[in-house]
Amino acid sequence: MELQHRRFSCMTEQEHNLFELREKMSALMKSASTEEIINEQTSPSQRKIGIIGRMKKKLAISSRPNSSQSCSSLESNVDALSISPCEHELELSSDSSSEEEEDHPHRTVPRTCHINAVFTFDNDSYPRANLMQIYGCEGKQKGCFKDATDVQCVDKGKCIVTDMINGRISTFSRNGRTKVIRCSWALREPWATTVVSENKIAVTSRKDKNVSVISMNGDVLFSFGSRFFQCPCGIAVDKNGRFIVTDILSNEVSVFSPEGKWLFNLGDPLSPVQQFCCPRYVHVSAFGDIIVCDSGNHCIKVFNEHGNFKFTFGQYGRQEGAFKAPYGVTSDGEGNIIVADHYNDRIALFSKNGEFLRNIVSSEDGLYHPQGVALSSDMRLFVTHGKLKATEVIVYSFNDDENEML
């Protein structure tokens, strides 16, 4: 201690400040190389460091600052990214007027608002996925997740996240503020949701083995399929209000009327190409095509709006265009298909005909085991992910004129 004190006493004030700044930057850069799993026991400061680490890793890949950049400018970049979920929620707790406007009970939710964005290509260039926000962490508290199995987009940048283990559905506004939908009955192991219309959503329940249509206020309007399903998983709704539901135990994908009456099943059980094995998530494109993630067969199957088989693409593997258990799926206004390749730790983009185009984000960007995926009308991609279970929602933007973080 005496030697260290003598060392500092020999420094000028400017040298002393520079030494402290270097020490601080060294600690921050060290934290950026670590991958922490944030849990209930993690302190707010540790949450902050964990998020900074992941965001700095993404920022370093995308921006690549040159060596002439000063330590002070680097420090300002780090501080700009320093937003923990808990601190962000506390900071916005006084913004009650905007929250009341977004959660107005009589607001009409457009049915196709999550599929009308369009990916554009210019001389084979592709818009870069900019990391915008991270919602949540592991835990039981409000705004935290135990297993965020699905995410859906609604109006004004709001998203709906289904948490199977915590048994709840939460909404996140564009600024990150969260609200839990308080259901009037025990919500047991909800798996996936879809926006129906007029402020209503439909949710699959693994425990109750049915589908419930509820209001955004949590009132149950009706349920169906309690004697039909073995383990309902993914759900989507088409332009005619019909429900398409996957069942990973019965290996069936079924179409129901808007009132919940069974109409028909997709695929010919006698055709090896059309048979399902653990179908997980399903999505209806802007053109009415029904896109099914056939997880057990490691492929995507596409049907038209009448239920007729069109084509399939993908096979087991790690090479580009292959899958290891595809989970979530969505599409844009041109029909390009976005797939959460769960065990390959990446989000892949395909044309409407199933041609591989790009890997949008991957494990190099800090993505692990993506599950739910959704695309908003303003070109924001929502992904639930996590190492063991999905405990975060990552938001990417494809608009170059937007900031790196809100």
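Here's what I pulled together on the structure shown here.

Analysis parameters
Residues numbered from 1 in each chain as written. Predicted model: local features only at pLDDT ≥ 70, side-chain atom pairs only at ≥ 80, totals over all residues. Heavy atoms only, no water. Helix = DSSP H or I, 4+ residues; strand = E, 2+ residues; numbered from the N terminus. Buried < 20%, exposed > 50% of the residue type's maximum accessible area, 1.4 Å probe, protein only. Pairing = 2+ DSSP bridges. Axes fitted to C-alpha atoms, helices over the stretch in contact; angles between N-to-C directions. Core = buried A, V, L, I, M, F, W, Y, C linked by side-chain atoms within 4.5 Å. Contact = heavy atoms within 4.5 Å. Phe/Tyr/Trp six-rings, centres within 6.5 Å; stacked < 30°, edge-to-face > 60°. Lys NZ or Arg CZ within 6 Å of the ring centre and 35° of its normal. Salt bridge = Lys/Arg side-chain N within 4 Å of Asp/Glu carboxyl O.

**Considerations on the overall build of the chain**
Argument step 1. Helix and strand counts for the chain stand at six helices and 24 strands.
Argument step 2. Residues classed as buried in the chain amount to 54% of the 406 residues present.

**Observations regarding the sheet that holds strand β20 (residues 346–350)**
Argument step 1. Taken together, the four strands give an open sheet; going across it, the order is β18-β19-β20-β21, and neighbouring strands pair in antiparallel fashion. For this open sheet the edge positions go to β18 (326–331) and β21 (356–362), each flanked by a neighbour on one side alone. Taking the axes of each pair of neighbouring strands and ignoring which way they run, one obtains an average angle of 20 degrees across the sheet.
Argument step 2. Of the strand pairs in this sheet, β18 and strand β19 (residues 337–341) are connected by four bridges, and their pairing is antiparallel. Considered in β19, the bridge of Pro326 is made with Asp341.

**As for the sheet that holds strand β16 (residues 299–303)**
Argument step 1. With antiparallel pairing, four strands are arranged side by side in an open sheet as β14-β15-β16-β17. Only two strands of the sheet have a single partner each, and these edge strands are β14 (279–284) and β17 (309–313). Pairs of neighbouring strands in the sheet enclose a mean axial angle of 20 degrees, with direction left out of account.
Argument step 2. Of the strand pairs in this sheet, β16 and β17 are connected by four bridges, and their pairing is antiparallel. What sits directly across from Lys301, in β17, is Thr312.

**A closer look at the nonpolar core**
Argument step 1. Counting residues in each nonpolar core, the largest one holds 20 residues, and the members touching the most others are Trp191, Ala202, Val211, Ile235, Phe243 and Val245.
Argument step 2. When contributions to this core are tallied by element, the ones reaching two or more residues are β6 (190–195), β8 (210–215), β10 (232–237) and β11 (243–247).
Argument step 3. Sorting elements by how many residues they give to this core places β10 first, with three residues.
Argument step 4. When residues no more than four places from it in sequence are discounted, the contact partners of Ile235 are Ala192, Thr193, Thr194, Ala202, Thr204, Val211, Phe243, Ile244, Val245 and Val282.
Argument step 5. Grouped together as the second largest cluster of nonpolar side chains are 18 residues, Leu131, Ala340, Leu375 and Val383 included.

**Side note on the packing of aromatic side chains**
Argument step 1. Scanning all chains against the criterion turns up 16 aromatic pairs.
Argument step 2. Summarising the aromatic geometry, the rings of Phe224 and Phe256 are spaced 5.1 Å apart at their centres and angled 45 degrees between planes, so their arrangement reads as tilted. Residue Phe224 is found in strand β9 (residues 220–224), and its partner Phe256 is found in strand β12 (residues 252–256); the two are separated by 32 residues along the sequence.
Argument step 3. Given a relative accessible area of 7%, Phe224 falls into the buried group.
Argument step 4. For the pair Phe228 and Phe256, a centre-to-centre distance of 5.4 Å together with 80 degrees between the ring planes defines the contact as edge-to-face. One end of the pair, Phe228, is in the loop between β9 and β10; the other, Phe256, is in strand β12, and 28 residues separate them in sequence.
Argument step 5. The class of Phe228 is partly exposed, set by a relative accessible area of 34%.
Argument step 6. We note Lys352 situated over the ring of Phe287; from NZ or CZ to the ring centre the distance is 5.3 Å.
Argument step 7. Of note, Lys387 hangs over the ring of Tyr368, and the distance from its end group to the ring centre comes to 5.2 Å.

**Some points on the environment of Phe172**
Argument step 1. Tracing the sequence through the fold places Phe172 in strand β4 (residues 168–172).
Argument step 2. For the pair Phe172 and Val161, spaced eleven residues apart in sequence, the C-alpha to C-alpha distance is 7.8 Å.
Argument step 3. In contact with Phe172, not counting residues within four places along its chain, are Tyr135, Gly143, Phe145, Gly157, Lys158, Cys159, Val161, Arg177 and Thr178.

**Focus on the side chain of Thr162**
Argument step 1. Mapped onto the secondary structure, Thr162 falls in strand β3 (residues 159–163).
Argument step 2. Beyond its immediate chain neighbours, meaning those up to four positions away, Thr162 contacts Asp147, Ala148, Thr149, Asp150, Arg168, Pro190, Trp191, Ala192 and Thr193.

**Observations concerning the pairing of strand β24 (residues 392–397)**
Argument step 1. Here β24 lies mainly inside the structure; six of its six residues are buried.
Argument step 2. Bridge count for strand β1 (residues 130–135) against β24 is five bridges, and the pairing is antiparallel. Looking across to β24, one finds that Ile134 is bridged to Ile394.
Argument step 3. Count of turn residues in the strand β23 (residues 380–385)/β24 antiparallel hairpin: six residues.

**Section: unusual backbone geometry**
Argument step 1. You will see that His298, though not glycine, has its phi angle at about 55 degrees, which is positive.
Argument step 2. Structurally, the position occupied by His298 is in the loop between β15 (290–294) and β16.
Argument step 3. For Met379, which is not a glycine, the phi torsion comes out positive at approximately 60 degrees.
Argument step 4. Residue position: Met379 is located in the loop between β22 (373–375) and β23.
Argument step 5. Note on Met379: relative accessible area 10%, which makes it buried.

**Looking at the pattern of salt bridges**
Pairing is possible between side chains of opposite charge, provided their charged atoms come close.
Argument step 1. Throughout the structure, instances matching the rule amount to nine salt bridges.
Argument step 2. Note that Arg206 is salt-bridged to Glu189, the shortest N-O span being 2.8 Å. Of this pair, Arg206 sits in the loop between β7 (200–205) and β8 while Glu189 sits in the loop between β5 (178–180) and β6, and the two are 17 residues apart along the sequence.
Argument step 3. Given the relative accessible area of 33%, Arg206 is considered partly exposed.
Argument step 4. By relative accessible area, Glu189 is classed as partly exposed at 25%.
Argument step 5. Measuring nitrogen to oxygen at the nearest pair gives 3.1 Å for the salt bridge that ties Lys310 to Asp289.

**Some remarks on the pairing of β14**
As a general feature of sheets, a regular strand has side chains that alternate between the two faces.
Argument step 1. For β14, the buried fraction is high: six of the six residues fall into the buried class.
Argument step 2. Pairing between β14 and β15: four bridges, direction antiparallel. Across the sheet, Val282 pairs through a bridge with Val292, a residue of β15.

Everything listed here is a matter of geometry and, on its own, says nothing about what the molecule does.
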